[in-house]
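Chain by chain, the residues run as shown.
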Amino acid sequence: MSAIDQFFWLIYPYMMLTFFVVGHIYRYNTDQFGWSAKSSEFLESRQLRWGSVLFHWGIVFVFFGHVAGILIPKPFYHTVGISDEMYHFGAVWFGGAAGIVTVIGVVLLFWRRLTVRRILQNSKTSDFVVLGLLTVVIVTGFTNTVGYTATGGAFDYRDTIGPWFRGILTFQPYPQLVSDAPVGFQVHILAAFLLFGIWPFTRLVHVWSVPLTYLNRHYVVYRRVKAKKL
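Note that the structure is predicted; figures quoted are calculated from it, not measured.

Quick notes on the rules
- Residues numbered from 1 in each chain as written.
- Predicted model: local features only at pLDDT ≥ 70, side-chain atom pairs only at ≥ 80, totals over all residues.
- Heavy atoms only, no water.
- Salt bridge = Lys/Arg side-chain N within 4 Å of Asp/Glu carboxyl O.
- Buried < 20%, exposed > 50% of the residue type's maximum accessible area, 1.4 Å probe, protein only.
- Helix = DSSP H or I, 4+ residues; strand = E, 2+ residues; numbered from the N terminus.
- Bend = angle between axes of the 7 residues up to and from the residue.
- Core = buried A, V, L, I, M, F, W, Y, C linked by side-chain atoms within 4.5 Å.
- Contact = heavy atoms within 4.5 Å.
- Axes fitted to C-alpha atoms, helices over the stretch in contact; angles between N-to-C directions.
- Parallel < 35°, antiparallel > 145°, perpendicular 65-115°, else oblique.
- Left-handed = near helix turned anticlockwise from the far one by under 90°.
- Nonpolar A, V, L, I, M, F, W, Y, C, P; charged D, E, K, R; others polar.
- Phe/Tyr/Trp six-rings, centres within 6.5 Å; stacked < 30°, edge-to-face > 60°.

### Side note on the pattern of salt bridges
Argument step 1. What the rule picks out here adds up to seven salt bridges.
Argument step 2. A salt bridge links Arg-27 to Asp-31; the nearest nitrogen and oxygen atoms lie 3.0 Å apart.
Argument step 3. For Arg-27, a relative accessible area of 9% translates into the label buried.
Argument step 4. For Arg-158, the salt bridge goes to Asp-84, with nearest N and O atoms at 3.1 Å. Of this pair, Arg-158 sits in the loop between helix H6 (125–149) and helix H7 (161–169) while Asp-84 sits in helix H4 (residues 84–115); the two residues are 74 residues apart in sequence, bridging distant segments of the chain.
Argument step 5. With relative accessibility at 2%, the residue Arg-158 sits in the buried group.
Argument step 6. Classification of Asp-84 as partly exposed rests on a relative accessible area of 25%.
Argument step 7. In the salt-bridge network here, residues are joined through shared partners; they are Lys-74, Asp-84, Asp-156, Arg-158 and Asp-159.

Written as structure tokens, this is what we have:
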């Protein structure tokens, strides 16, 4: 295996995951006041409503699709009676539908940030970097699933990328599994890991700020105080 393959499929993923973990710890300890999505809803709400809803719902289903295809080993599906044909049918049609929704959502968000003057003026470089990377990750993932798999491509990511990624997480990597993968899959992987690497330094940190404490938070009690007569 070449040194380039060793870097991209062994060293690079661990670098990005290290940035992901250490960066979040650093950001939380040094910039808690900046730990938010920096909502721009008050600047423009109509386009945001459509783009945000489509993107967030789509990305949720895409996430669970990746869990099903990458984190769950292929033999598990055979054990529970799900054939390869059934799996690929679900991946292409349901995964394709989720991909379309997510692509439309991220394109709307990108277009909104570029065309609404007040939002453009209040945007940072990191906002465009994140949206650009998200677009690359989502579009390549969609084309890999629908374009390559649906047209009968021989490459099976469950036999290659799945074991490789699980090996990365368990510190037993097999970089040779993805060194010969189709370019579209490789670009998808590299862009996704780069997104993980820059995640702590962007507004994406708001993903971890789910307000669960509101479930048991006491109501704020207001008392009216009458002015005393002089």
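### Examining helix H1 (residues 3–30)
Residues separated by three or four positions in an α-helix point in the same direction, a consequence of the helix having 3.6 residues per turn.
Argument step 1. Considering bend angle alone, the principal kink of H1 is centred on Ile-11 and spans about 40 degrees; proline Pro-13 follows within four residues of it.
Argument step 2. Those residues of H1 that fall on the buried side of the exposure criterion are Asp-5, Trp-9, Tyr-12, Pro-13, Met-16, Phe-20, Gly-23, His-24 and Arg-27.

### As for the nonpolar core
Argument step 1. Phe-55, Val-106, Leu-134 and Ile-138 are the most contacted members of the largest nonpolar core, which has 19 residues in total.
Argument step 2. For this core, the secondary-structure elements that each account for two or more residues are helix H2 (46–71), H4, H6 and helix H8 (183–198).
Argument step 3. Sort the elements by how many residues they give to this core and H6 lands first, with six residues.
Argument step 4. Sequence-distant contacts of Val-106, defined by excluding residues within four places in its chain, comprise Phe-55, Leu-131, Leu-134, Thr-135 and Ile-138.

### Section: the environment of His-88
Argument step 1. Note on placement: His-88 falls in helix H4.
Argument step 2. For His-88, a relative accessible area of 26% gives the class partly exposed.
Argument step 3. Along the primary structure His-88 and Thr-145 are separated by 57 residues, whereas in three dimensions their C-alpha atoms are 9.2 Å apart.

### Some thoughts on unusual backbone geometry
Argument step 1. The phi dihedral of Phe-171 is positive, around 60 degrees, even though this residue is not glycine.
Argument step 2. Relative to the helices and strands, Phe-171 resides in the loop between H7 and H8.

### A closer look at the packing of H7 against H8
Argument step 1. Two elements in contact, H7 and H8, have axes whose closest approach is 13 Å; the angle formed by their N-to-C orientations is 25 degrees. In terms of orientation, H7 lies roughly parallel with respect to H8. In this structure, the crossing between H7 and H8 has a hand that is right-handed. When H7 is examined against H8, the residues Ile-161, Trp-164 and Phe-165 are found in contact with a partner set consisting of Phe-185, Ile-189 and Phe-193.
Argument step 2. For the contact of H7 with H8, the per-class residue count stands at six nonpolar, no polar and no charged.

### Description of the packing of aromatic side chains
Argument step 1. Per the stated rule, a full pass over the model turns up 20 aromatic pairs.
Argument step 2. Taking the centre distance of 6.3 Å and the plane angle of 55 degrees together, the rings of Phe-165 and Phe-193 count as tilted. Of this pair, Phe-165 sits in helix H7 while Phe-193 is found in helix H8, placing the two residues 28 residues apart along the sequence.
Argument step 3. Between Phe-193 and Phe-196, the aromatic rings sit 6.2 Å apart at their centres with planes inclined by 65 degrees, giving edge-to-face as the arrangement. With Phe-193 and Phe-196 both in helix H8, this residue pair falls three residues apart, about one helical turn.
Argument step 4. Overall, Phe-193 belongs to the buried group, its relative accessible area being 4%.
Argument step 5. Ring pairing ties together the aromatic residues Phe-7, Phe-8, Trp-9, Tyr-12, Phe-20, Trp-164, Phe-165, Phe-193, Phe-196 and Trp-199, which thus form one cluster.

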